[in-house]
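These are the residues of each chain, in order.
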Number of protein chains: 2
Amino acid sequence: MIVDPASTPQRDVYKLLIGSVVPRPIGFVSTVSTEGVFNLAPFSFFNAVCGDPPMVCFAISHRDPSKDTARNVAATREFVVNIVSEEIAEKMNLTSGDYAQGVDEFAVAGLTPVASEAVRAPRVAESPVSMECRVVQMIDLSPKPAGTDLVIGEVVRFHVKDEIVENFRIDPDKLKAIARMGGNEYSRSRDRFELIRPKV
Amino acid sequence: MIVDPASTPQRDVYKLLIGSVVPRPIGFVSTVSTEGVFNLAPFSFFNAVCGDPPMVCFAISHRDPSKDTARNVAATREFVVNIVSEEIAEKMNLTSGDYAQGVDEFAVAGLTPVASEAVRAPRVAESPVSMECRVVQMIDLSPKPAGTDLVIGEVVRFHVKDEIVENFRIDPDKLKAIARMGGNEYSRSRDRFELIRPKV
């Protein structure tokens, strides 16, 4: 099948895109508004983008139930990315509803905000890893009215639960990260194999 | 454990980053040089970034064995992202070696280049999905000498194997996408579960 996005309904193009680029890691992003209200929302257009210095990016569609995140990141230039383990998957999902502006999703999901070290946005106590970030760039990606902001941030602090890490190596069987597939599906990360990069 | 990247060896910071942001989808990127030499290399700092129009991004570290990709993308403003299934995992890994400039990794790995429709870069015949892309932006992310380019591209054609798709929904059990973990590990995407987004 060959599909030209320019002549295909947008909904069908989107299904192809999110069904193909899988599994997508989840950035569970916590922010705070200038009025001090916490916000928490999951994003799967998320990944690391640079190793030195460590940077991550995530994209916010203006149609998402995540407009508070865009507003808070733009106003404070700070955010925290929390990693989603199997244990907190259902709570993460509770935060993905389209709540009214100003609703604190920590309270909705029963997750615990903890003060960060270097940024004002709180981190999620229940997450196995949290990364405090400062915004490097925000890019308006889409020319269409819906709009998408790509947020690029530098990690200024890592918080890692002691029991999942040894000599900076995170044990994936203890992290138990989940990732986003197409539709309503998620993938676990327990089913793994190893490939050694060839020496040339 | 709390880690400040500014006061931690870069190698250890990198281990934390790639062990935490998992599983990362793999963009298997094919390009062609202005002299007509094909290039093929995998990138795990890769994801979708926009749904409308469909866009993807991937980051090229200048230390990676992937300098040909950066050169070709900058010169031609085009690339193809191919999805890596379990079936072609080992061939993908063969292309990740640090080969001399001008080596055609299609030949190294025994993969088949096929002419694209809208771009000059070839696609990988064996991939279940390929996305022909035109560059929207290339961003120099890292101020450090190592350097990292973030490439953002718009998908102008999808190629999807007929047997894995129905009504634009890609069957993940037929796609069998693999993803990158920390170290030398990869994750399959067969171990899944469903969560329904809450109605508010």
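Conventions adopted
Residues numbered from 1 in each chain as written. Chains lettered and ligands numbered in written order. Predicted model: local features only at pLDDT ≥ 70, side-chain atom pairs only at ≥ 80, totals over all residues. Heavy atoms only, no water. Helix = DSSP H or I, 4+ residues; strand = E, 2+ residues; numbered from the N terminus. Buried < 20%, exposed > 50% of the residue type's maximum accessible area, 1.4 Å probe, protein only. Contact = heavy atoms within 4.5 Å. Buried area = accessible area lost by both parts, 1.4 Å probe. Salt bridge = Lys/Arg side-chain N within 4 Å of Asp/Glu carboxyl O. Disulfide = S-S within 2.5 Å. Phe/Tyr/Trp six-rings, centres within 6.5 Å; stacked < 30°, edge-to-face > 60°. Lys NZ or Arg CZ within 6 Å of the ring centre and 35° of its normal.

Draft legend 1. Fine view of unusual backbone geometry. That bond from D52(A) to P53(A) is cis: its omega, 0°, falls within 30 degrees of zero. Here P53(A) lies in the loop between β5 (46-50) and β6 (55-61). The phi dihedral of N167(B) falls on the positive side, at around 50°, and the residue is not glycine. Mapping N167(B) onto the fold places it in the loop between β12 (165-166) and β13 (169-170). Note on N167(B): relative accessible area 58%, which makes it exposed.

Draft legend 2. Structural detail: the interface of chain B and chain A. Contact residues are listed per partner, giving 92 residues for chain B and 92 residues for chain A. Summing the contributions of chain B and of chain A, the shared interface buries around 8,700 Å²; its carbon and sulfur component is 64%. Where chain B meets chain A, there are 6 salt bridges. Across the pair R188(B) and D191(A) runs a salt bridge, and its minimum N-O distance is 2.7 Å.

Draft legend 3. Region of interest: the environment of V56(A). Residue and element names in this part refer to chain A. With respect to the helices and strands, V56 occurs in strand β6. Looking at V56, the relative accessible area reads 0%, which means it is buried. Considering only alpha carbons, one finds V56 and D173, 117 residues apart in sequence, at a separation of 23 Å.

Draft legend 4. Spotlight on the state of the cysteines. Scanning the entire structure with this criterion turns up 0 disulfides over all chains. The thiol of C57(A) is unpaired, and the distance to the nearest cysteine sulfur, on C57(B), comes to 4.3 Å. By relative accessible area, which is 2% here, C57(B) ends up buried.

Draft legend 5. Inspection of the packing of aromatic side chains at higher detail. Across all of its chains, the model carries 8 aromatic pairs over all chains by this definition. Aromatic pair F38(B) and F106(B): ring centres 5.8 Å apart, planes at 65°, arrangement edge-to-face. With F38(B) in strand β4 (residues 38-43) and F106(B) in helix α4 (residues 105-109), the pair connects residues that are 68 residues apart, well separated along the chain. Relative to F79(B), the ring of F58(B) lies with its centre 5.2 Å away and its plane at 65°, an arrangement referred to as edge-to-face. You can see F58(B) sitting in strand β6 (residues 55-61) and its partner F79(B) sitting in strand β7 (residues 78-82), a full 21 residues away along the chain. Residue class for F79(B) comes out buried when judged on its relative accessible area of 0%. Aromatic ring contacts, followed pair by pair, group F43(A), F58(A) and F79(A) into a single cluster. Directly above the ring of Y186(A) sits R180(A), whose terminal nitrogen or CZ lies 4.5 Å from the centroid.

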